[in-house]
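Commentary on secondary and tertiary structure
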Amino acid sequence: MEGALFPNRPTLPTPTTKPIIPPPSQTNPPLKFNSKTLPLPTNTPPPPSLPLDSLLQQLLHISPKTSYPSLSISTSSHKQQNTHISKPKSIPPPSPSYPSVGHKHNDYSSIEFLTSKGKSLLVSVVNQPMSNLNTYFNSIHSELVEFDHVSLIKGLDLSGNWEKALVLFQWFLSKNSNETNKLDQQAIEAMVRILGRESQHSIASKLFDEISIEDYSLDIRAYTTILHSYSQSGLYEKAISLFRVIKSKGLKPTLVTYNVMLDVYGKMGRSWNKILELVGEITSNGLKFDEFTCSTVLSACAREGLLEEASKFFNVLKSKGYVPGTVTYNALLHVYGKAGVYSEALSIMEEMERNNCTPDSVTYNELVAAYVRAGFYDEGAAVIETMSSKGTMPNAVTYTTVINAYGKAGKEDKALSLFDEMKKSGCVPNVCTYNAILGMLGKKLMSEEMVVILSEMKSNGCIPNRVTWNTMLALCGNKGMQKYVNRVFSEMKNCGFEPDRDTFNTLISAYGRCGSGIDASKMYEEMIKAGFTPCVTTYNALLNALSRRGDWKAAESVIIDMKTKGFKPNETSYSLMLQCYAKAGYVEGIRMIEDEIYSGRIFPSWMLLRTLVLANAKCRILAGMERAFEELKRNGYKHDLVLFNSMLSIYAKNRMYDRAHDLMHLIRENGLQPDLVTFNSLMDMYARGGECWRAEEILKGLQKSGGKPDLVSYNTVIKGFCRQGLMQEAVRTMSVMTTVGIRPCIVTYNTFVAGYASKGLFEEVTDVISYMIQHDCRPNELTYKIVIDGYCKASKYKEAMDFVSKIRDLDPSFDDKSVQRFAMRVRENVEL
């Protein structure tokens, strides 16, 4: 049938209900609720947890400590790792005045410009230990002041001692702080170029905060490098302020300067109009766009999901005669890849082919990203083979993208298998790969495997970076683990990793998941104090914390604040809002976002439509769930097992056998294997429909196939038998459950209480309650309500009052107020 939710196929026969009386072969001697006939497992294994203490020690063991403790500014020599697909560098190239050398320690072949005295001074500085430098400089104060310190700084750098050049510069800075003489302009320019070349952006940002850089007339290249350092350190407002100063001085920005500022506005977000303004300035100043200009503008679109703006910008460029190169096409691919619109990504690759623009590894990496963001994980992995067949070797980014996707989808086996394949192929994992693996293993509490990965990092000389520590912080984001968040953060700083904006975002999210809203708010304030501008990710971290509580009113205020400050909520923002509404059961909220998606005001990405299916399923909105599922199909997105299981659960609760059978067919048609959640839903459907024997058949089939039923599986079958009054079969099922080592819970016992009470077997009800207390499962208020309602339904009001009066004898821990409420409940039933 056209337009049907599921593909047309022969309808499976609806199962017939089995007789409620078991066949003679299944009849067993009566089982009683006592410890002799129903012994419980003595030792229940504790739930798995991460041994964070040992993992933290392991991480500290392979993390270097701060290299140069004598510096007032952290000089960690580890360059910032870019976790995203690489793009052209915006760092201005070294000036021809300062030739690049091999930077071998004590290589003086390139310092002939120094005088004999200068060379002698240089050698003495080089031979001093780092910890003693400031003392040494103080001892030769008069000699240093008279000497050409610019030449000495250059000489230290060219001899491979840029760190000592930095200490010398800081020493001169401290000596000039209380004097009228300013630092030599050339010294500042030299230091700017050194730190820029070494990618020491954090150091540069802090260093030039100590100098009133606006008071100097540096050249445009030096200012551009400082702007880049601010950009890389996330200090966007400072970059914008300095850019205004540069223009006020009459300096003419170069294309590189504009490219850096485009990157600043792109990273800062909510700046599309500013970006267009800069693009106009570039044109009016007679400068021509290069590939970095175009790719930076398109990357800004990708960050904020501006698909239409990206398409318009790209088409206008081509209409003006611009011929896109591989880098520009890759940036456009990133726009659609980030949104998971893989069909558009494939079209861009076809256009590249028509224009004889050869795809590179970044091109294929973006295609992989597009596939996995649309849920096509295996298709993304298949691109790896395509790359190899076309002569482009997959790199660490390619493998890491798919490994990360598999990990997030709960496909740990496939992720680890691909990781092994990566290493066998000769592709060396980088720190980003290890971070993805550690994050995945941490979520599954696979601590032994995490230790192996940390050891492997050490043996391969792969040094943990800030993202590794951020990953460890994220793993602490569980209730009651605030102390671990604090400890990991402290140790991270001890290792020389100053928090960046991503760290603060991770902290906000971790504290939120721990249930500590106060600490999350405090981290937000600390982030502002540190000079970092909140971004969409920051707001999403706050939304994540609120969605877990279902606090949709507070979440809506966050969205309003975002929009007020010029930020555009992205697919993650709306997805978290849907989760928040679903958690609170606020259907109107779900419908509001639903309307915006279907009207085209919000782009219907794979993430959003998938979340819409899950949100509707959680609130049991059948029509909304099926419409979102149909939209997923219409857009060509992939379905996963979590989505299918959520839908199956709704069909089970509504006893929609045909839909459930069709969905099972579709699961296998999509190459997926049903898991325990799938089978539990099927058991629930049959148990609700009175087909308890069919539910038990699934349970037994699961065991025979090597599956491991859980407490939910057994409780479902027990509930099915109890509803049919087959109490002996329910007790037999519980006996099997305890034999395999699964202890009953309060739900199990309350199910038995309800079953016996409905049959008027109140002596057995008392046995169950005594058994519960004996085995450390205290009856709750619902337990006693079930019993009292059972007496009242049987019109045994006196017996009900007798039972209420004996509750304190059965369970001395029960309070008097609850007992009084139960007595009132009986009286109300008598009056009825």
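Not measured: the values here are computed from a predicted model.

Counted by the stated rule, this structure contains 23 salt bridges. A salt bridge links Lys 318 to Glu 351, with the shortest nitrogen-to-oxygen separation between them at 2.9 Å. Remark: Glu 351 occurs in helix α16 (residues 342-354) and Lys 318 occurs in helix α14 (residues 307-319); sequence separation between them is 33 residues. Looking at Glu 351, the relative accessible area reads 17%, which means it is buried. Linked through salt bridges whose partners overlap, the residues forming this network are Glu 696, Glu 729 and Arg 732.

What follows concerns the state of the cysteines. What is meant by a disulfide is a covalent connection between two cysteines, made through their sulfur atoms. Here the structure, examined in full by the defined rule, presents zero disulfides. Here Cys 692 is not disulfide-linked; the sulfur of Cys 722 is the nearest cysteine sulfur, at 9.8 Å. Assessed through its relative accessible area of 1%, Cys 692 is described here as buried. Among the cysteines around Cys 777, which has no disulfide bond, Cys 745 carries the closest sulfur, lying 7.1 Å off.

What follows is about the side chain of Thr 363. Its place among the elements puts Thr 363 in helix α17 (residues 361-373). Residue Thr 363 is classed as buried on the basis of its relative accessible area, which comes to 0%. Other than its neighbours up to four places away in sequence, Thr 363 contacts Thr 326, Asn 330, Leu 333, Met 349 and Met 352.

The next subject is the packing of helix α15 (residues 326-339) against α16. Running from N to C, α15 and α16 point in directions that differ by 165°, and their axes come no closer than 9 Å. Taken as axis vectors, α15 and α16 run roughly antiparallel relative to one another. α15 and α16 meet at a crossing whose hand is right-handed. In this structure, α15 contributes Thr 326, Tyr 329, Asn 330, Leu 332, Leu 333 and Tyr 336 to the contact, and α16 contributes Glu 344, Ala 345, Ile 348, Met 349, Glu 351 and Met 352. Its residues placed into classes, the contact of α15 with α16 shows eight nonpolar, two polar and two charged.

Let's shift gears to the packing of helix α39 (residues 746-758) against helix α40 (residues 762-774). Packed helix pairs are characterised by how far apart their axes lie and by the angle those axes make with each other. Viewed as axis vectors pointing N to C, α39 and α40 meet at an angle of 165°, and their least axial separation amounts to 8 Å. By the angle between their directions, the pair α39 and α40 is classed as roughly antiparallel. Crossing of α39 over α40 shows left-handed handedness. Residue-level contacts link Ile 746, Tyr 749, Phe 752, Val 753, Tyr 756 and Ala 757 of α39 to Phe 762, Glu 764, Val 765, Val 768, Tyr 771 and Met 772 of α40. When grouped by side-chain class, the residues that make up the contact of α39 with α40 number eleven nonpolar, no polar and one charged.

Turning to unusual backbone geometry, a few remarks are in order. Of note in the backbone geometry, Asp 776 takes a positive phi value of approximately 60° without being a glycine. Structurally, Asp 776 is set in the loop between α40 and α41 (781-793). The phi angle at Ser 795 is positive, at roughly 60°, despite the residue not being glycine. Structurally, the position occupied by Ser 795 is in the loop between α41 and α42 (797-810).

Across the protein, pLDDT averages 80, with 87% of residues at or above 70. Note that pLDDT drops below 50 for residues 66-108; the model gives that stretch 91 contacts with residues more than four away or on any other chain.

In this section: helix α19 (residues 396-408). Residues separated by three or four positions in an α-helix point in the same direction, a consequence of the helix having 3.6 residues per turn. Taking 1.5 Å as the rise per residue, α19 with 13 residues should run 18 Å; its terminal C-alpha atoms sit 18 Å apart, in good agreement. Turning to α19, its buried residues are Ala 396, Thr 398, Tyr 399, Thr 400, Val 402, Ile 403, Ala 405, Tyr 406 and Gly 407. In this structure, the buried side of α19 is in contact with α17, α18 (377-389), α20 (412-424) and α21 (431-443). You can read the cap of α19 off the contacts: a side-chain oxygen lies 3.1 Å from the backbone nitrogen of Val 397, and it is on Asn 395. Two residues or fewer after α19 comes Gly 410, characterised by a positive phi angle close to 80°.

Let us now look at helix α2 (residues 116-126). Looking only at α2, the buried set comprises Gly 118, Leu 121, Leu 122, Val 125 and Val 126. End-on, the buried residues of α2 take up no more than an arc of 135°, which puts them together on one face.

Our focus in this paragraph is a positive patch on the surface. On the surface, Lys 338, Arg 373, Lys 408 and Lys 443 cluster together to form a positively charged patch. Looking at the element boundaries, Lys 338 is found in helix α15.

What counts and what doesn't
Residues numbered from 1 in each chain as written. Predicted model: local features only at pLDDT ≥ 70, side-chain atom pairs only at ≥ 80, totals over all residues. Heavy atoms only, no water. Salt bridge = Lys/Arg side-chain N within 4 Å of Asp/Glu carboxyl O. Helix = DSSP H or I, 4+ residues; strand = E, 2+ residues; numbered from the N terminus. Buried < 20%, exposed > 50% of the residue type's maximum accessible area, 1.4 Å probe, protein only. Disulfide = S-S within 2.5 Å. Contact = heavy atoms within 4.5 Å. Axes fitted to C-alpha atoms, helices over the stretch in contact; angles between N-to-C directions. Parallel < 35°, antiparallel > 145°, perpendicular 65-115°, else oblique. Left-handed = near helix turned anticlockwise from the far one by under 90°. Nonpolar A, V, L, I, M, F, W, Y, C, P; charged D, E, K, R; others polar. pLDDT = per-residue confidence, 0-100. Expected span 1.5 Å × (residues − 1). Polar contact = N/O pair within 3.5 Å; in protein donor to acceptor, adjacent residues only side chain to side chain. Arc of directions from axis to C-beta. Patch = residues over 30% accessible without salt bridge, like charges linked within 9 Å, V, L, I, M, F, W, Y side chains within 5 Å. Areas by Shrake-Rupley, 256 points an atom, 1.4 Å probe, with all protein chains shown as cover. Lys, Arg positive; Asp, Glu negative; His and termini not counted. Charge placed at Lys NZ, Arg CZ, Asp CG, Glu CD.

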